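Examination of the molecular architecture
So the chains spell out like this:
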Amino acid sequence: MSTESRTVEPMVLSEATLARFAREVAKYPADQRQSAVMACLAIVQQEQGWVSPAAERAVANYLGMAPIAVHEVTTFYNMYNQQPVGRFKLNVCTNLPCQLRDGAKALQYLAEKLGIRPGETTADGTFTLQPCECLGACADAPVMLVNDRHMCSFMTTERLDQLVDGLRATAAEGQA
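Here we summarise the structure given alongside this text. (Residues numbered from 1 in each chain as written. Predicted model: local features only at pLDDT ≥ 70, side-chain atom pairs only at ≥ 80, totals over all residues. Heavy atoms only, no water.)

This part takes up the sheet that holds strand S1 (residues 88-93). Across the sheet, which stays open at both edges, the 4 strands sit in the order S2-S1-S3-S4 with mixed pairing between neighbours. Looking along the sheet, the strands with just one partner apiece sit at the ends: strand S2 (127-132) and strand S4 (150-152). For this sheet, the mean angle separating the axes of adjacent strands, direction not counted, is 20°. Direction of pairing for S1 relative to S2: parallel, over a ladder of 6 bridges. Counted as the bridge partner of Asn91 is Gln130 from S2. (Pairing = 2+ DSSP bridges. Helix = DSSP H or I, 4+ residues; strand = E, 2+ residues; numbered from the N terminus. Axes fitted to C-alpha atoms, helices over the stretch in contact; angles between N-to-C directions.)

Before going further, it helps to examine the packing of aromatic side chains. Overall, the coordinates contain 4 aromatic pairs when judged by the stated rule. Ring centres of Phe21 and Tyr62 lie 5.2 Å apart, and the angle between their planes is 65°; on these two criteria the pair is classed as edge-to-face. Of this pair, Phe21 sits in helix H1 (residues 15-25) while Tyr62 sits in helix H3 (residues 53-63), and the two are 41 residues apart along the sequence. Ring geometry for Phe76 and Tyr77: centres 4.8 Å apart, planes at 85°, overall edge-to-face. (Phe/Tyr/Trp six-rings, centres within 6.5 Å; stacked < 30°, edge-to-face > 60°.)

Attention now goes to helix H2 (residues 37-48). Along its 12 residues, H2 runs 16 Å from first to last C-alpha, staying within 8% of the 16 Å computed at 1.5 Å per residue. Residues of H2 that are buried: Val37, Cys40, Leu41, Ile43, Val44 and Gln45. On its buried face, H2 is in contact with H1, H3 and helix H4 (67-76). At the exit of H2 stands Gly49, carrying a positive phi of roughly 90°. (Expected span 1.5 Å × (residues − 1). Buried < 20%, exposed > 50% of the residue type's maximum accessible area, 1.4 Å probe, protein only. Contact = heavy atoms within 4.5 Å.)

Attention shifts here to the layout of surface pockets. Of the voids in this model, the largest pocket is the one considered here, and its volume is about 360 Å³. Taken together, 18 residues line the largest pocket, and the ones lying closest to its centre are Gln45, Met79, Asn81, Asn147 and Asp148. In terms of residue count, H2 provides more of the lining of the largest pocket than any other element does, 5 residues in total. (1 Å grid on protein atoms, 1.4 Å probe; cavity = no way out; pocket = protein on both sides within 12 Å on 5 of 7 lines; lining within 4 Å. Points joined across faces, edges and corners; volume = space filled by probe spheres on them.)

What follows deals with a nonpolar patch on the surface. A cluster of nonpolar side chains, contributed by Phe76, Tyr77 and Met79, occupies part of the molecular surface with about 310 Å² of accessible area. Tracing the backbone through its elements, the reader meets Met79 in the loop between H4 and S1. Residue classification places Met79 among the partly exposed residues on the basis of a relative accessible area of 31%. (Patch = residues over 30% accessible without salt bridge, like charges linked within 9 Å, V, L, I, M, F, W, Y side chains within 5 Å. Areas by Shrake-Rupley, 256 points an atom, 1.4 Å probe, with all protein chains shown as cover. Salt bridge = Lys/Arg side-chain N within 4 Å of Asp/Glu carboxyl O.)

What follows covers the nonpolar core. Ranked by internal contacts, the top residues of the largest apolar core, which has 20 residues, are Leu90, Leu110, Leu129 and Met144. Only S1, helix H6 (103-114), S2, strand S3 (144-146) and helix H7 (157-175) provide two or more residues apiece to this core. In this structure Leu110 touches Leu90, Val92, Leu129, Met144, Leu160 and Val164, once residues within four positions along its chain are discounted. By size, the runner-up hydrophobic cluster in this structure holds 19 residues, among which are Phe21, Ala36, Ala55 and Val59. (Core = buried A, V, L, I, M, F, W, Y, C linked by side-chain atoms within 4.5 Å.)

Turning our attention to the pairing of S1. Of all 6 residues in S1, 6 are buried; the element is thus mostly enclosed. Neither face of S1 is exposed, since Phe88, Leu90 and Val92 on one face and Lys89, Asn91 and Cys93 on the opposite face are all buried. Two elements, S1 and S3, share 3 bridges in a ladder whose sense is antiparallel. Bridge pairing in S3 links Asn91 to Leu145.

Structure, rendered in structure tokens:
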């Protein structure tokens, strides 16, 4: 096994991205600009669809942080995509309360319906399926989050079918 570490060059951030970063950094005292790390990562992901190692390095350079500190944030939160994802990212909660109310079955059902395993993206790039930890809606289990924004509760197989069919229709309309 090689002990050489890979050097990742930072990406070049656009003027628009830098302006968005500056607005976030301005919310904090000058000596605490690193507090904007989550917002800056979210901006990169909105613009690029995921947070690459080069983007992590660019955020670290901008905020004056160690690259590993930015990487720790990226890898801790499942809202940051560390690789390209499909148009619709489906995060199914597999934490214990959801497990006890068929969360694992919902994840497995979606995997079979989409023809992929958890962690994979459909061949057409429409869906990425992921297990995730607590979404904070245990009473509504099983729950899932679509594109890190839309919470779906009480996800029976019928509701999962409706969701996937609706998202497929939306994707088809976008291609027409």
